[in-house]
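A closer look at the structure
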Amino acid sequence: MSLFSTTYDVIVVGGGHAGSEAAAASANMGAHTLLITMNLQNIAQMSCNPAMGGIAKGQIVREIDALGGYSAIVTDKTAIQFKMLNKSKGPAMWSPRAQSDRMQFAECWRTLLEETKNVDFYQDSVIDLLFEGDSIVGVKTALGLEIKSKTVIITAGTFLNGLIHIGDKSFGGGRAGESASKGITEALVEKGFESGRMKTGTPPRVDGRSLDYSKMIEQPGDEITEKFSYLPLTTTLQKQRSCWLTYTNKKVHDLLREGFDRSPMFNGRIKSTGPRYCPSVEDKIDRFATKERHQVFVEPEGWTTVEMYVNGFSTSLPEDIQDKAIRAIDGFENVKFLRYGYAIEYDYFPPTQLTHSLETKLIKNLFFAGQINGTTGYEEAAAQGLMAGVNAALKVQEKEPFILKRNEAYIGVLIDDLITKGTEEPYRMFTSRAEYRTLLRQDNADLRLTPLAYKLGLASKERLDRVIEKQEKADLLIDFLQKTSVKQEEINPILEAKNLSLITQSMKLYKIAARPQLDFSDFKNIAKLNAFLTDNSIDKEMIEQAVIHLKYAGYIEKEKNNADKLNRLENVTIPSTFNYDKVKSLSFEAREKLSKIQPTSISQASRISGVSPSDISVLLVYMGR
């Protein structure tokens, strides 16, 4: 089948994390998909740190897995260390994170894509987009090929007119050693799109053999490891590689300041906005001048490589300054550089120009996903890619778009934030952005999303059956705990060991299990409980669901009620043709913002910055409420 004669259902432009998930999702939904990337060897390359997950990001990876995406599977298969962050806090804050083997990660992703039916690959650079009226109909490549498609998803990462900065040197590139992508921005701006520039950076990579780890603090993985994917085809880690912690100091800061006059961050050569929550080291010592030291994590890039990632030392300062300053860090005295740190500027398109399906408002059948929408992070990109892939396939199949609400998934919060509020700096997900984070835990992503994925055709019947079994057996355990009494002599030794108040008569086991100071493992010597767990094949995940329900039922119920109230406003739709200018009782700012963003519901309108509660009351009157 020739590229010249084929009309694809979906063309995905870019083979990063967003592009890889987009191609997998659309293909698994039956869409004939072409993944075009500038270098097939770099599919799903980890351009920055070799890790997946973290605060809120780990929840996103688990949601991607529950929806049938590949990121969690790849992470499990290539992990070299696993940690569950925030374990000392409530379960809403627990966040899985894994260090990955960078080379294995990319190789595993490519293998999975090659094993996915309906995915074709082509190595070339897209330099133009093909339109018919207000619809996209394909792409044009640097070799002059015009490839037709019913839908196109652009996942260009940092490549759109990418410009790399190291000290006073600047050169075009989408990543070190790879050329920038030119032509797409210009084609979109010509069609009326608004574009902007953002900046991100990366730290040096160094030779691990040249470091003195005796001067650092070892950071091992968890003793009892978990994994990301809910599927049984991946396993937990049996061995791990440690990371290492050290710190900057006053001498390091003074040496870095010597290069400020040659820093593109401070001499005006970089004009775009960088990520607030992942600043460069020069930005940190400038903004937090009173702080005497900053953490530096030394992270292995894989199982066997000597290459180390210097997390916390992202910089675009000149090479000689990087060299001098890093040697003043404990353990780095004799460091050998493999790559210097650099900053990169690239084009993005303010995401208020999209609908919730990630389709553009200006051009039909055109979707954006990843850093083109102003986000930062592999996980945020992968989530958008999956959703764009699903919705492009649904568009081809002439079906309604798949949209996740804010109370259904972190992915729903991410996309709604982007579409409704926009972003003027690289957007990163945090648990604090989700008002329903007690509902959106990492442990229940499968319960929340796999039934939806099954309806889409992304989750198998076997996968759905596992989710149903997990819920049924968690409920069975809750019922057992509520009905089963325990005597004083069974429980009081446990309570006494924990310095807790003793019981004076028999009590239902669920009342004891609900105590926040007790862990379920404390009950391991209660014979009738152990017999029940064994007889019913109740595993660790099922126990975790039951215990969370017992301990946090009140909070969970309250959030569900709040979400139901929000969803009632979601049902009050706003016609796409609604003219806000005719509603004179709206504030001027509200009219301006509402006209630009065109919310589809009263609920979405209420989340737009500058739209007040009184403006919402006015709209409700107009909508007949």
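I will try to describe carefully the structure that is included in this document. Starting afresh in each chain, residues are numbered from 1 along the sequence in its written order. Per-residue local features are limited, in this predicted model, to residues with pLDDT of at least 70; the limit for side-chain atom pairs, both in listing and counting, is 80 or more; totals at the level of whole chains, interfaces and linings are taken over all residues. To obtain the side-chain values, all non-hydrogen atoms of the structure were included, while hydrogens and water were left out.

**Re the overall build of the protein chain**
Each helix and strand in the protein chain was counted, giving 19 helices and 22 strands. For a compact globule of 625 residues, the expected C-alpha radius of gyration is about 25 Å, and the protein chain comes in at 26 Å, within 12% of that figure. Across its three principal axes, the protein chain shows a C-alpha extent of roughly 80 × 70 × 55 Å. A simple rule labels every residue: compare its accessible area, found with a 1.4 Å probe on the protein chains alone, to the largest value its type can have, and call it buried under 20%, exposed over 50%, or partly exposed in between. Counting all 625 residues of the protein chain, 59% fall into the buried class. When checking whether two residues touch, look at their non-hydrogen atoms; a contact exists if any pair is within 4.5 Å. Across the protein chain, every contact between residues at least 6 apart in sequence was considered, and the portion connecting residues at least 24 apart equals 73%. Where accessible areas are quoted, they stem from the Shrake-Rupley method and a 1.4 Å probe; at the residue level, only the protein chains shown are allowed to cover. A total accessible area of about 26,300 Å² is found for the protein chain, and carbon and sulfur atoms account for 50% of it. Positive and negative side-chain charges of the protein chain, numbering 79 and 79 respectively, have mean locations separated by a distance of 3 Å. Counting from the N terminus, the helices are the DSSP runs of H or I reaching at least four residues and the strands are the DSSP runs of E reaching at least two. It is over C-alpha atoms that the radius of gyration is taken, and the globule rule equals 2.2 Å times the number of residues to the power 0.38. Charge convention: Lys and Arg are scored as positive, Asp and Glu as negative, and His as well as the terminal groups of each chain are ignored. Charge coordinates come from a single atom per side chain, which is NZ of Lys, CZ of Arg, CG of Asp or CD of Glu.

**Points about helix H10 (residues 410–421)**
Each helix should span, by expectation, one fewer than its residue count multiplied by 1.5 Å. Look at H10: 16 Å from first C-alpha to last across twelve residues, which is about the 16 Å you get at 1.5 Å a residue. Where burial is concerned, most of H10 is hidden: eleven out of the twelve residues are buried. Among the residues making up H10, those that are buried are Tyr410, Ile411, Gly412, Val413, Leu414, Ile415, Asp416, Asp417, Leu418, Ile419 and Thr420. Tucked into the core, H10 has its buried residues touching helix H2 (57–66), helix H9 (378–396), helix H17 (588–597) and helix H18 (602–606). Of the residues one or two after H10, Gly422 is the one with positive phi, at around 70°.

**Overview of the packing of helix H1 (residues 17–28) against H9**
Remark: H1 packs on H9, axes separated minimally by 7 Å, with the N-to-C direction vectors making an angle of 30°. When the axes of H1 and H9 are compared, the pair comes out roughly parallel. Between H1 and H9 lies a crossing whose hand is right-handed. On H9, the residues that touch His17, Ala18, Glu21, Ala22, Ala25 and Ser26 of H1 are Tyr378, Ala381, Ala382, Gly385, Leu386, Gly389, Val390 and Ala393. Of the residues assigned to the contact of H1 with H9, the class counts are nine nonpolar, four polar and one charged. Axis definition: a line fit to C-alpha positions, over the contact stretch in the case of helices; interaxial angles, taken between N-to-C directions, run 0 to 180 degrees. Orientation is classified from the angle alone, with under 35 degrees giving roughly parallel, over 145 giving roughly antiparallel, 65 to 115 giving roughly perpendicular, and any other angle giving oblique. Less than a right angle of anticlockwise turn of the near helix away from the far helix marks a crossing as left-handed, whereas a clockwise turn marks it as right-handed. Classification used: nonpolar for Ala, Val, Leu, Ile, Met, Phe, Trp, Tyr, Cys and Pro, charged for Asp, Glu, Lys and Arg, polar for all others including Gly.

**Some remarks on the side chain of Ser135**
As for its position among the elements, Ser135 is in strand S8 (residues 135–141). On the basis of relative accessibility, which here comes to 17%, the residue Ser135 falls in the buried class. Discounting chain neighbours no more than four positions away, the residues touching Ser135 are Leu130, Ile363, Lys364 and Asn365.

**Topic: the pattern of salt bridges**
Salt bridge, as applied in this entry: a Lys or Arg side-chain nitrogen positioned within 4 Å of an Asp or Glu carboxyl oxygen. Under the defined criterion, the tally for this structure stands at 39 salt bridges. Between Lys215 and Glu333 there is a salt bridge; the shortest N-O distance is 3.2 Å. Of this pair, Lys215 sits in the loop between strand S13 (205–207) and strand S14 (217–219) while Glu333 sits in the loop between helix H8 (319–326) and strand S18 (337–339), and the two are 118 residues apart along the sequence. Taking the relative accessible area as the measure of exposure, Lys215 reaches 43% and is therefore partly exposed. Across the salt bridge formed by Arg406 and Glu435, the nearest N and O atoms sit 2.9 Å from each other. Here the residue Arg406 occupies a position in the loop between H9 and H10, and Glu435 occupies one in the loop between H10 and helix H11 (445–456), the gap between them amounting to 29 residues. Using a relative accessible area of 4% as the deciding quantity, one classes Arg406 as buried.

**Section: the sheet that holds strand S12 (residues 196–202)**
By this definition, two strands are paired if DSSP reports at least two bridges between them. Taken together, the four strands give an open sheet; going across it, the order is S11-S10-S19-S12, and neighbouring strands pair in antiparallel fashion. The open sheet is flanked by strand S11 (169–172) and S12, the only strands paired with a single partner. In this sheet, neighbouring strand axes are inclined to one another by 25° on average, regardless of whether the strands run parallel or antiparallel. Pairing analysis gives three bridges linking strand S10 (residues 163–166) to strand S19 (residues 342–348), with the strands arranged antiparallel. Residue His165 lies in a different strand from S19, and its bridge partner there is Ala343.

**Some details on the side chain of Asn365**
When you line up the elements, Asn365 lands in the loop between S19 and strand S20 (366–368). Residues within four places of Asn365 in sequence aside, it is in contact with Ser135, Ile136, Lys150, Thr151, Val152, Glu359 and Lys395.

**Quick look at the packing of helix H6 (residues 250–257) against H8**
Axis separation between H6 and H8 bottoms out at 8 Å; the angle between their running directions is 170°. On the basis of their axis angle, the class for H6 and H8 is roughly antiparallel. For the pair H6 and H8, the contacting residues are Val252, Leu255 and Leu256 in the first and Ile321, Lys324 and Ala325 in the second. Here the contact of H6 with H8 is composed, by residue class, of five nonpolar, no polar and one charged.

**Remarks on the sheet that holds strand S3 (residues 51–53)**
Reading across from one edge, S3-S5-S4 is the order of the three strands in this open sheet, with antiparallel pairing throughout. Both edges of this open sheet fall to S3 and strand S4 (79–85), since each of them pairs with a single strand only. Direction aside, the axes of adjacent strands within the sheet are offset by 15° on average. Bridge count for S4 against strand S5 (residues 95–100) is six bridges, and the pairing is antiparallel. When the bridges of S5 are listed, Ala79 appears paired with Ser100.

**Structural notes on helix H15 (residues 527–535)**
Helical periodicity: at 3.6 residues per turn, an α-helix aligns residues three or four positions apart in one direction. Residues of H15 that are buried include every one of Leu529, Phe532 and Leu533, and no others. Buried residues of H15 fall within an arc of 95° about the axis and therefore sit on the same side. Along H15, the residues that are exposed and aim more than 90 degrees away from the buried face are Ala527, Thr534 and Asp535. Following H15 by one or two positions, Ser537 adopts a phi angle in the positive range, close to 50°. Here the arc refers to the set of directions running from the helix axis out to each C-beta atom.

**Focus: the pairing of S19**
Of all the seven residues making up S19, seven are buried; the element is thus mostly covered by neighbouring parts of the structure. Here S12 runs beside S19; their pairing, made up of seven bridges, is antiparallel. Looking at S19, one finds that Lys199 is bridged to Glu345.

**Observations concerning the packing of aromatic side chains**
Here a pair means two rings of Phe, Tyr or Trp (six-membered ring of Trp) with centres within 6.5 Å. Their orientation is stacked below 30 degrees between planes, edge-to-face above 60, and tilted elsewhere. Applying the stated criterion to the full structure yields twelve aromatic pairs. Judged by centre distance (5.9 Å) and plane angle (70°), the ring pair of Phe82 and Phe228 falls under edge-to-face. Of this pair, Phe82 sits in strand S4 while Phe228 sits in the loop between S14 and strand S15 (243–247), and the two are 146 residues apart along the sequence. Judged on exposure class, the residue Phe82 and its partner Phe228 are both buried. Residues Phe337 and Tyr340 carry aromatic rings whose centres are separated by 4.6 Å and whose planes lie at 25° to one another, so their mutual orientation is stacked. The class for Phe337 is buried, based on a relative accessible area of 16%. Three or more aromatic residues joined by ring pairs form one cluster here, namely Phe193, Phe349 and Phe368. Residue placement shows Lys87 over the ring face of Trp94; its charged tip is 3.7 Å from the ring centre. We call a charge positioned over a ring when the NZ of a Lys or the CZ of an Arg lies within 6 Å of the ring centre and within 35 degrees of the ring normal. A cation sits over an aromatic face here: Arg433 above Tyr427, 4.2 Å from the ring centre.

**Points about unusual backbone geometry**
Even without glycine at this site, Asn118 takes up a positive phi of about 85°. You can see Asn118 is positioned in the loop between helix H4 (102–114) and strand S6 (119–123). For Asn118, a relative accessible area of 27% corresponds to the partly exposed category. Unusually for a residue other than glycine, Gln598 sits at a positive phi of about 55°. Position of Gln598 relative to the elements: it lies in the loop between H17 and H18.

These results come straight from atomic positions and should not be treated as a statement about function.
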